[in-house]
Amino acid sequence: MEASIERIVEQSLLYDFYGELLTEHQRQVYEACVFDDYSLSEVAKEEGISRQGVHDLLKRCNKTLEEYEAKLHLVEKFKTVKKQAEEIMELTDGKNSLEAQDIEMIRQYSRKIIEEL
């Protein structure tokens with residue numbers, strides 16, 4: 001179950017970053033199946049294609065999105081920057097004053113974030 005949730009989150013991120021690069025038809029089918037949780041049969045009927053056609057289209061979309069990520073690494077960079085920002089938040093959470101080592105860690109994380117951008 002946890003692996004399928006992780007897969008859905010990963011698909012969502014890939015789609016958020018690269019979905020606009022798919023055709024309108026691909027986006028409609030992908031959104032219906034992945035985000036709206038329609039069955040392959042329901043989407044096939046709506047789109048006027050076979051159930052197998054929907055299945056193949058989803059596989060191609062996933063492959064295409066993964067290929068974009070392999071070349072551009074935007075999702076990977078996003079995750080890295082998000083993790084670094086969360087670490088900065090942890091360093092400053094609930095503190096009214098910061099120690100020198102905390103300030104240095106914040107500077108290091110900030111430099112990493114700027115480099116990622």
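Rules of the game
- Residues numbered from 1 in each chain as written.
- Predicted model: local features only at pLDDT ≥ 70, side-chain atom pairs only at ≥ 80, totals over all residues.
- Heavy atoms only, no water.
- Patch = residues over 30% accessible without salt bridge, like charges linked within 9 Å, V, L, I, M, F, W, Y side chains within 5 Å.
- Areas by Shrake-Rupley, 256 points an atom, 1.4 Å probe, with all protein chains shown as cover.
- Salt bridge = Lys/Arg side-chain N within 4 Å of Asp/Glu carboxyl O.
- Lys, Arg positive; Asp, Glu negative; His and termini not counted.
- Charge placed at Lys NZ, Arg CZ, Asp CG, Glu CD.
- Buried < 20%, exposed > 50% of the residue type's maximum accessible area, 1.4 Å probe, protein only.
- Phe/Tyr/Trp six-rings, centres within 6.5 Å; stacked < 30°, edge-to-face > 60°.
- Helix = DSSP H or I, 4+ residues; strand = E, 2+ residues; numbered from the N terminus.
- Axes fitted to C-alpha atoms, helices over the stretch in contact; angles between N-to-C directions.
- Left-handed = near helix turned anticlockwise from the far one by under 90°.
- Contact = heavy atoms within 4.5 Å.

## What about a negative patch on the surface?
- Residues E20, E31, D36, D37 and E42 make up a contiguous surface patch of negative charge.
- Classification of D36 as partly exposed rests on a relative accessible area of 48%.

## Remarks on the packing of aromatic side chains
- All chains considered together, the criterion is met by 6 aromatic pairs.
- Consider the rings of Y15 and F35, whose centres lie 5.3 Å apart with planes at 65°: the pair is edge-to-face. Note that Y15 is positioned in helix α1 (residues 2-18) and F35 in helix α2 (residues 24-35), a separation of 20 residues in sequence.
- When its relative accessible area of 10% is taken as the criterion, Y15 is described as buried.
- Judged by its relative accessible area of 36%, F35 falls in the partly exposed class.
- Among the aromatic residues, ring-to-ring pairing joins F17, Y18, Y68 and F78 into one connected group.

## A few points about the packing of α2 against helix α3 (residues 40-47)
- Following both chains from N to C, one finds α2 and α3 inclined at 150°, their axes separated by 9 Å at the closest point. Here the hand of the crossing between α2 and α3 comes out right-handed. When α2 is examined against α3, the residues H25, Q28, V29, A32 and C33 are found in contact with a partner set consisting of L40, V43 and E47.

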